[in-house]
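# Tertiary structure, described
This is what each chain is made of:
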Amino acid sequence: MKILNTILGAAAFAAAGVMATAAFAQTYPTRSITMVVPFAAGGPTDTVARLVAESMSKDLGQQIIVENVGGAGGTLGAGRVANADADGYTVLLHHIGMATSATLYRKLPYDTLNAFDYVGLVTDVPMTVVARKDLDVKDFKGLVEYAKANSDKVTVANAGIGAASHLCGMLFMSAIETPLVTVPYKGTGPAMTDLLGGQVDIMCDQTTNTTKQIQGGTIKAYAVTSPERLAIFKDLPTVAEEGMPAMQVGIWHGIYTPKGTPAEANERLSKALQVALKDPNIATRFAELGTLPSPEADGTPSALKAKLESEIARWEPVIKAAGQYAD
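Each chain carries its own residue numbering, running from 1 in the written order of its sequence. pLDDT decides what is reported in this predicted model: residues at 70 or higher carry local features, side-chain atom pairs at 80 or more are listed and counted, and totals for whole chains, interfaces and linings draw on all residues regardless. Side-chain measures were taken over the full set of non-hydrogen atoms in the model, leaving aside hydrogen atoms and water.

## Points about the pairing of strand β4 (residues 116-132)
Among the 17 residues that make up β4, 16 are buried, leaving the element largely enclosed by the rest of the structure. Two strands qualify as a pair provided that DSSP identifies no fewer than 2 bridges between them. Under the scheme used here, helices are H or I runs from DSSP no shorter than 4 residues and strands are E runs no shorter than 2 residues, and both carry numbers assigned from the N terminus. When β4 meets strand β8 (residues 219-224), the two strands line up antiparallel, connected through five bridges. Within the sheet, the bridge partner assigned to R132 lies in β8 and is I219. Only protein chains enter the accessibility calculation, which uses a 1.4 Å probe; a residue whose area is less than 20% of its type maximum is buried, one above 50% is exposed, and one in between is partly exposed.

What follows is the structure in structure tokens.
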């Protein structure tokens, strides 16, 4: 009789668990969700986040509130999410820095691969190699020759160690096998301001930050880092066309949740993301920024996990060879 009661009790407990899981899946979310962006408001990643959050909110029936938690190359915001309650109401939208910080910071307060669950990929933003508008160089080949001949005085701006512009700048110097004078700033805004003012020579940054300036003629553009030419910049060659395929890089963005978040929540968020990726407004706004939504198949937990793992492996030797660390 005791054995029977034990079996019945276990069955009841399991049934209750299944019912609770089903109930959670049917009701989630019941309140607003916080999307942490580990960079300043108004920057390229913040722009992507706000567009996606708005679209996902419609499908979820609850508002996604974007909160900017900048600092330490994005690790402060990521750390906040890693330590948040794993209830599905705190998510992180981070870019390629999620992968590179695993090497750039030798003492991270979280384990990059094991502190998060995954929702899906959002977009892969191309980079542009740009310079101050009065730089007397006509094309990418000339830019490389100029940089090599004046390596002790050519300045390369970036938005800080670990920023997308820093990573692209490192690839540029590695590709031309010439160290240049790097000038780190506290964000993309001040770096672009000094490029516009002619205080620095070169910058490599996301199209989400450079497109309007290029179109307005306030900076010069020399190449894009995407595999193919961009529709909005058909006259700009790719770095591969210029003989530097190793410089191909896109600033991909993904959405994460704290480790242990209910699978039902991650799946619901992923479905909302997939809906957003097919939103015509997202496609239009992303196109204006020189990028595209990720394919629907990439808006999944497995796709983002695979991307993060492969990118950590790709960037680790590059960062170690440069010997540039953030701590």
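## Re the layout of surface pockets
Grid points spaced at 1 Å and placed over the protein atoms alone form the basis of the search, with a cavity being a set where a 1.4 Å probe fits but cannot get out and a pocket an open set showing protein on both sides within 12 Å along at least five of seven lines. Lining residues have an atom within 4 Å of a point. Grid points are joined across faces, edges and corners, and a volume is the space filled by probe spheres set on the points. Put simply, the largest pocket is a space of about 570 Å³. Lining the largest pocket are 26 residues, and of these D124, P126, S226, L230 and L292 sit closest to its centre. The set of elements that each furnish at least two residues to the lining of the largest pocket consists of β4 and β9 (250-258). It is β4 that contributes the most residues to the lining of the largest pocket, five residues altogether. As a volume, the second largest pocket reaches approximately 460 Å³. Lining the second largest pocket are 31 residues, with F39, A40, A159, G187 and T188 positioned closest to its centre. Those elements that place two or more of their residues in the lining of the second largest pocket are α2 (44-60), α6 (164-175), α7 (188-196) and β7 (202-206).

## Side note on the side chain of Q206
Relative to the helices and strands, Q206 resides in strand β7. Here, two residues are considered to be in contact whenever any of their heavy atoms come within 4.5 Å of each other. What Q206 contacts, discounting residues up to four positions off in sequence, is P44, T45, H95, V125, P126, M127, A164, I251 and H253.

## Looking at the pattern of salt bridges
Any carboxyl oxygen of Asp or Glu within 4 Å of a side-chain nitrogen of Lys or Arg constitutes a salt bridge here. This model, assessed by the stated rule, comprises eleven salt bridges. With its nearest N and O atoms 2.9 Å apart, the salt bridge here joins K320 to E316. Separated by four residues within a single helix, K320 and E316 lie in helix α11 (residues 301-322), roughly one turn from each other. Given the relative accessible area of 31%, E316 is considered partly exposed. Look at the salt bridges and you will find they share partners, linking R132, D134 and D201 into a network.

## Quick word on helix α8 (residues 207-216)
Along α8, the residues classified as buried are T207, T208, N209, T210, T211 and I214. Contacts made by the buried residues of α8 are with α2, β4, α7, β7, β8 and α10 (280-288). A positive backbone phi angle near 75° is found at G217, which sits one or two residues after α8.

## A word on the state of the cysteines
Whenever a pair of cysteine sulfur atoms sits within 2.5 Å, that pair is classed as a disulfide. Tallying each qualifying case throughout the model produces one disulfide. Two residues share a disulfide in this structure: C168 and C204, whose sulfurs sit 1.7 Å from each other. On the criterion of sequence distance, the pair formed by C168 in helix α6 and C204 in strand β7 is long-range, its members being 36 residues apart. C168 gets classed as buried once you look at its relative accessible area, which sits at 1%.

## A short note on the pairing of strand β5 (residues 155-158)
Of the two faces of β5, the one lined by T155 and A157 and the one lined by V156 and N158 are each fully buried. Across four bridges, β5 lies against strand β6 (residues 181-184) in parallel orientation. Counted as the bridge partner of N158 is P184 from β6. Taken together, β5, α6 and β6 form a β-α-β motif whose crossover is right-handed. Where β5 meets β7, two bridges bridge the pair, whose relative direction is parallel. For A157, the partnering residue across the bridge sits in β7 and is M203. For crossovers, right-handed means that the path from the first strand over the helix to the second runs clockwise, given strands pointing away from the viewer.

## Thoughts on the nonpolar core
Core analysis: the largest hydrophobic core is formed by 55 residues, its most contacted members being F116, F140, F172, M247 and Y256. For F116, the contacting residues outside a window of four places in its chain are A78, V81, A82, L92, M98, Y110, Y256, T257, P258 and K259. Here the nonpolar core consists of buried residues drawn from Ala, Val, Leu, Ile, Met, Phe, Trp, Tyr and Cys, with membership extended through side-chain atoms lying within 4.5 Å. Ranked by size, the runner-up nonpolar core spans 28 residues in total, among them Y28, M35, V37 and L93.

## With respect to α11
Take the number of residues in a helix, subtract one, and multiply by 1.5 Å to get its expected span. The end-to-end C-alpha distance of α11 is 32 Å, a good match for the 32 Å that 22 residues give at a rise of 1.5 Å each. At W315, α11 shows its maximal bend, which comes to roughly 30°, and the proline P317 appears one to four places after that position. Among the residues making up α11, those that are buried are A303, L304, L308, E311, I312, W315 and I319. Elements that come into contact with the buried residues of α11 comprise α4 (97-104), β4, α6 and β9. One axis fitted to the seven residues ending at a residue, another fitted to the seven starting there: the angle between these axes is the bend at that residue.

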